[in-house]
Amino acid sequence: MIALDHIAIWTDQRDELLRIIAKATHLGIVDGYAPGGTLVARGVRFANGPFLDVHQVGPGPDGVRPYHRLLGLNGDIDQIERQVTAVGLRAKAARRADAAQPELEAPWDLLSFRKGQGLASQMFVIAYHPGAPSPPDFASPLYDPTAPGAGAAILSRVWLPEADLEAARGVLAALGTQPLGPVRSHLPPYEGAGFDLGSTQLILATPWGPPQAIRLDIRAAHDGANVVSPCPEVTVVLNDGLGS
């Protein structure tokens, strides 16, 4: 079974994005990737397992505010590699065991997808090696799949814009996900097609908002607004904003 592991985001607003989400959900912010001791990534881990891995990056050479995101899925990369290549998707595996010095590598394998393949290019697959030593750059609770969530908030749904739903269905079928049928909400984008990603649902909807928009539906005790927008691309919907 394939499931949502985490959402990786690259932005120049890392700390502000996480501060707003943590305040709304009562989650603790945890340090993540720190190459050479320089902190690059921080995040929050939800009680049902998935986490946000937010990387700080500087502005591009053209001065445009940077933003990029990928969905990390957890699964058997050997099996998934066979499945996706069988339907013509171009993928590349990076296995820890194949490295010249595996003990210096992160304790997981990755399967990434080439650019220009629609929904597939917005995802990667990760497979952990439980018990394998972590180099100092990755020695963080944020990357420990056995670490408990820092609070009771649950990431229940992730909405992504998708113009070509049929092509996206093919990608998700190759990955091994199961369709859940139509989903409706009282908030933009209002409706979409649901898919099973373990403890979290993926909802594909007609494109809305800026490019690479993402909506996170979270169940959490909170005292403020039901909708917060940490940055133009990210919308967080809490509790009663969820449809049926």
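Residues numbered from 1 in each chain as written. Predicted model: local features only at pLDDT ≥ 70, side-chain atom pairs only at ≥ 80, totals over all residues. Heavy atoms only, no water.

Draft legend 1. Structural detail: the sheet that holds strand β9 (residues 154-161). Strand order across the open sheet formed by seven strands is β10-β11-β12-β9-β13-β15-β14, with mixed pairing between neighbours. Of all the strands in the sheet, the pair left with one neighbour each is β10 (178-184) and β14 (227-231). Across the sheet, the mean angle from the axis of one strand to that of its neighbour is 25 degrees, orientation sign disregarded. The sheet contact formed by strand β13 (residues 214-219) and strand β15 (residues 234-238) spans five bridges and is parallel. The residue of β15 that forms the bridge with Ile218 is Leu238. Sheet strands touched by helix α1 (residues 14-25): β13, β14 and β15. Its angle to β14, the strand with the most contacts, is close to 160 degrees. (Pairing = 2+ DSSP bridges. Helix = DSSP H or I, 4+ residues; strand = E, 2+ residues; numbered from the N terminus. Axes fitted to C-alpha atoms, helices over the stretch in contact; angles between N-to-C directions. Contact = heavy atoms within 4.5 Å.)

Draft legend 2. How the structure looks around the sheet that holds strand β8 (residues 123-128). One open sheet accounts for eight strands, arranged β2-β3-β4-β1-β5-β8-β7-β6; its pairing is mixed. Looking at the sheet topology across the chains shown, the edges are occupied by β2 (30-31) and β6 (91-94).

Draft legend 3. Layout of the pairing of strand β7 (residues 108-113). Judged from the four bridges that link them, β6 and β7 form a sheet pairing that is antiparallel. Each bridged residue has a counterpart across the sheet, and for Lys92 the counterpart in β7 is Ser112. Relative to β8, β7 is paired through five bridges, and the arrangement is antiparallel. By the bridge assignment for β8, Leu110 is matched with Ile126.

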